[in-house]
Amino acid sequence: MKDPIAREGLRPKFWERVPLKNLTPREWEALCDGCGKCCLNKLEDPDTAEIAFTRVACRLLDDETCHCAQYEIRKQFVPECVVLTPKNIGDIAYWMPSTCAYRLLYEGKALYDWHPLISGDPETVHEAGVSVRGWTVPEFEVDEDEWEDHIIEGDL
Ligand code: SF4
Ligand code: SF4
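Residues numbered from 1 in each chain as written. Chains lettered and ligands numbered in written order. Predicted model: local features only at pLDDT ≥ 70, side-chain atom pairs only at ≥ 80, totals over all residues.

- In the annotation of an unreviewed UniProt entry, the entry for the protein chain reads UPF0260 protein ACFOES_18485, and the organism field reads Acidimangrovimonas pyrenivorans.
- Looking at the Sequence similarities (unreviewed entry) heading of the UniProt record, one finds this comment for the protein chain: "Belongs to the UPF0260 family." (UniProt positions renumbered as here; feature names shortened; annotations may be inferred.)

### Section: the sheet that holds strand S2 (residues 51-57)
Stage number 1. If you walk across this open sheet you meet the 3 strands as S1-S2-S3, and the pairing is mixed. Single-partner strands in this sheet number two, and they are strand S1 (40-44) and strand S3 (137-138). (Pairing = 2+ DSSP bridges. Helix = DSSP H or I, 4+ residues; strand = E, 2+ residues; numbered from the N terminus.)

### Quick look at the site of ligand 2
Stage number 1. In the neighbourhood of ligand 2, the contacting residues comprise Cys39, Cys58, Leu60, Leu61, Cys68, Arg74, Val78 and Cys81.
Stage number 2. Classifying every residue of the shell around ligand 2 by side-chain character gives 7 nonpolar, no polar and 1 charged. (Near = placed C-beta within 6 Å. Nonpolar A, V, L, I, M, F, W, Y, C, P; charged D, E, K, R; others polar.)

### Digging into the pairing of S1
Stage number 1. Note that S1 and S2 share 4 bridges and pair antiparallel. Looking at the pairing, Leu43 lines up with Ala52 of S2.
Stage number 2. The hairpin formed by S1 and S2 contains 6 residues between the paired strands, and Ala49 there has a positive phi angle of roughly 65°.

### Description of the site of ligand 1
Stage number 1. Around ligand 1, the neighbouring residues are Cys32, Asp33, Gly34, Cys35, Gly36, Lys37, Cys38, Met96, Pro97, Cys100, Ala101 and Tyr102.
Stage number 2. Along the lines of polarity and charge, the residues of the shell around ligand 1 split into 8 nonpolar, 2 polar and 2 charged.

### Some remarks on the environment of Glu16
Stage number 1. Note that Glu16 resides in helix H1 (residues 14-17).
Stage number 2. Glu16 gets classed as exposed once you count the C-beta atoms within 10 Å, which come to 11.
Stage number 3. Separated by 18 residues in sequence, Glu16 and Gly34 place their C-alpha atoms 19 Å apart. (Buried ≥ 20, exposed ≤ 12 C-beta atoms within 10 Å, placed from the backbone.)

The following block contains the structure:
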């Protein structure tokens, strides 16, 4: 399957050598592993501020490709979609999935072998069972007050 994220012509192993703030926009985009987990709706416990992911996916998430159906113009449809940048990663990393490449690098950790930048294959994130492929429910099928019934237990 063709990689929906452009990863050609980038500096070799830039994710190991270049600080996040010095990445080019294309390198920044190529860091995404395509897991789709950040497009799951989350619930925050008002008392503990703990974040829980649910299986309920954003209306634009394609459950097969795990990509946004309107990535370039997504804000027109989902104004609340957060655009991750080198500037805001510090505020956002704590609620990103623990396998997210942006979070891993921000925390000084290495990418996993299944990351398409390392494997050279966009399917490996799905084969490793790290993506949301095939197990989300669309948000238009679940009322917001029922999201709690779809909370995912454990780490994502
Ligand atoms: S969780 Fe991180 S790596 Fe996965 S799709 Fe979202 S931004 Fe990309
Ligand atoms: S608008 Fe697109 S990128 Fe943003 S959360 Fe929804 S599916 Fe994900």
